[in-house]
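Residue-level listing of the chains:
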Amino acid sequence: MALACLIVFMAQMATTVYLPSLPAVMRELAMSQSLVEMSISGYVVGAALPVLFWGSAADRWGRRGPLLISLALFVVCSLLLAFVSNAAELLTLRVAQGIAGGGAAIIARIIVRDHWRGDDLARKLSVLSIAFITALGGGQFIGGLIGKYSHWEAGFALMAVTGAVAALLTMGLPLQAGRPAAAASGPSPYWGILRRPGFLWPACAGGLGFATTVTLQEVSPFVFQEHFGLAVAGFGNVGLLIGLSYFSGAMVVNRLVARVGRLRLMRAGAALLAAATLAMLLGWHLGLLERQPGLWLFIGLYCLTIFGQAVLFPNSMATAVSDAKEHGAHAMALCGFLQQGLAGIAATVSVLLHHDGAWTLAVAALGLLTLSQVLFKVRARAS
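For clarity, every value in this text was computed on a predicted model and none was experimentally measured.

J.: How should I be thinking about the overall build of the chain in this particular structure?
T.: Tallying secondary structure elements over the chain gives 16 helices and 0 strands in all. Looking at the chain as a whole, 58% of its 383 residues qualify as buried. Working note: accessible area of the chain is about 14,400 Å², and carbon and sulfur atoms make up 68% of it. Averaging the positions of the 24 positive and the 14 negative side-chain charges in the chain gives two centres separated by 14 Å.

J.: Teacher, can you tell me more about the packing of aromatic side chains here?
T.: For the coordinates displayed, the defined rule picks out 11 aromatic pairs. Between Phe-224 and Phe-228, the aromatic rings sit 6.4 Å apart at their centres with planes inclined by 45°, giving tilted as the arrangement. Accessibility assignment for this pair places Phe-224 and Phe-228 in one class, buried. Judged by centre distance (6.2 Å) and plane angle (25°), the ring pair of Phe-224 and Tyr-302 falls under stacked.

J.: Looking at this model, I keep getting lost on the nonpolar core. Mind explaining?
T.: Note that soluble globular proteins tend to have their nonpolar side chains buried in a common cluster. Membership of the largest hydrophobic core comes to 113 residues, with the highest contact counts inside it found for Tyr-18, Leu-67, Phe-199, Phe-224, Phe-298 and Trp-359. When residues of this core are assigned to their parent elements, the largest contribution, 14 residues, is made by helix α14 (residues 291–323). Judged by nonpolar contacts, the second largest core, of 9 residues, contains Ala-205, Met-266, Leu-371 and Val-378.

J.: What is the right way to look at the packing of helix α11 (residues 197–227) against α14 in this model?
T.: The axes of two packed helices give the description: the angle between them and the distance between them. Across the interface, α11 lies against α14 with an axial gap of 8 Å and an inter-helix angle of 155°. By the angle class used here, α11 and α14 are roughly antiparallel. In this structure, the crossing between α11 and α14 has a hand that is left-handed.

J.: Would you mind showing me how to read the pattern of salt bridges here?
T.: Where side chains of opposite charge bring their charged atoms close, a pairing between them can arise. One pass over the structure, following the stated rule, counts 2 salt bridges. Note that Asp-114 and Arg-63 form a salt bridge whose closest N and O atoms lie 2.7 Å from each other. Pair noted here: Asp-114 is in the loop between α6 (87–113) and α7 (118–149) and Arg-63 is in the loop between α4 (51–61) and α5 (64–81), with a separation of 51 residues, a long-range link. Residue Arg-63 is classed as buried on the basis of its relative accessible area of 2%.

J.: Quick question: what am I supposed to make of the side chain of Gln-373 here?
T.: With respect to the element layout, Gln-373 can be found in helix α16 (residues 358–382). Assessed through its relative accessible area of 10%, Gln-373 is described here as buried. Those residues within four positions of Gln-373 in sequence are excluded, and the remaining contacts are Trp-201, Cys-204, Ala-205, Leu-208 and Val-378.

J.: Could you clarify how one ought to interpret unusual backbone geometry in this entry?
T.: Backbone geometry follows two general trends: most residues other than glycine have a negative phi, and most peptide bonds adopt the trans configuration. Even without being a glycine, Ala-30 presents a positive backbone phi close to 55°. With respect to the secondary-structure elements, Ala-30 resides in the loop between α2 (22–28) and α3 (33–48).

Basis of the calculations
- Residues numbered from 1 in each chain as written.
- Predicted model: local features only at pLDDT ≥ 70, side-chain atom pairs only at ≥ 80, totals over all residues.
- Heavy atoms only, no water.
- Helix = DSSP H or I, 4+ residues; strand = E, 2+ residues; numbered from the N terminus.
- Buried < 20%, exposed > 50% of the residue type's maximum accessible area, 1.4 Å probe, protein only.
- Areas by Shrake-Rupley, 256 points an atom, 1.4 Å probe, with all protein chains shown as cover.
- Lys, Arg positive; Asp, Glu negative; His and termini not counted.
- Charge placed at Lys NZ, Arg CZ, Asp CG, Glu CD.
- Phe/Tyr/Trp six-rings, centres within 6.5 Å; stacked < 30°, edge-to-face > 60°.
- Core = buried A, V, L, I, M, F, W, Y, C linked by side-chain atoms within 4.5 Å.
- Axes fitted to C-alpha atoms, helices over the stretch in contact; angles between N-to-C directions.
- Parallel < 35°, antiparallel > 145°, perpendicular 65-115°, else oblique.
- Left-handed = near helix turned anticlockwise from the far one by under 90°.
- Salt bridge = Lys/Arg side-chain N within 4 Å of Asp/Glu carboxyl O.
- Contact = heavy atoms within 4.5 Å.

See the structure below:
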């Protein structure tokens, strides 16, 4: 769990530690707002594209080898990102860093999946969410400090160190070996897993929730710093509230999943996420998200969105992979691919929007789609 948590922390912090510096990066590298936001969605898309390969590699050759390869690539990309001088270098390396970070993160979840099932798996995934929380809130806070007292490249140097520590920890742990004979004896099971409704709909529900939060995360630096006039350090401090919100949601899952059940918690999380994003849409267009009172209202709705996703996400993943428990690493990899893929598509589309309010329509639509997915698809299959 320590190794898995460190890797998930690393993969998520590669985005959040960089968020407060987006306006500065845009100025220094002479990029447009849409182009600099592509450095966020590029990482998310990069993390999604090879996930199926990473899952097959972990099943065939064992967890350790592919994990060490992904961590080595992550460290190299992070070091190179600290020395970029133009937009092309930044975007290319961010995609490569995403490929590495996504591979490491999905293998970390496979390692957890190797040891737990069902409600126990949901609890362990909620523990894994604490690492996500630390990166989500703490990474943004650290990024704010870096933006105030240092330079944005320092964040990538920090990521390189974190990846190196994870690689060293990997060397000393017993991890599950591969199954080369099984991998060579038959076709990939991905299509068969995808055809299982009990797997597909929970995985997509979690992915839509993730897409909602990634889209909100991508536009938030400009909303906070340009619309509300919040300083870079202040934006970093908001990350602490976001982290506390995710931590609270993860603790709700950890304490209540055995008593309440995964399906009820999924519904509650999706309902909160949809309500908060719909309120953002209405509040923005009614003029309620203005000046200091509007800033605090927006922060509250942002935190409620994150809380809802924290309740939804581990339950959706545990429900999906438990339905295909006989497929092990492949089921976890496919779940990660669907969730990262949906988030990557949403994040990429969002940069095409004019952010003077159009982003509120995007996040509200994703929030409502998440809720409808849970209510009308997951319910019939998981009850």
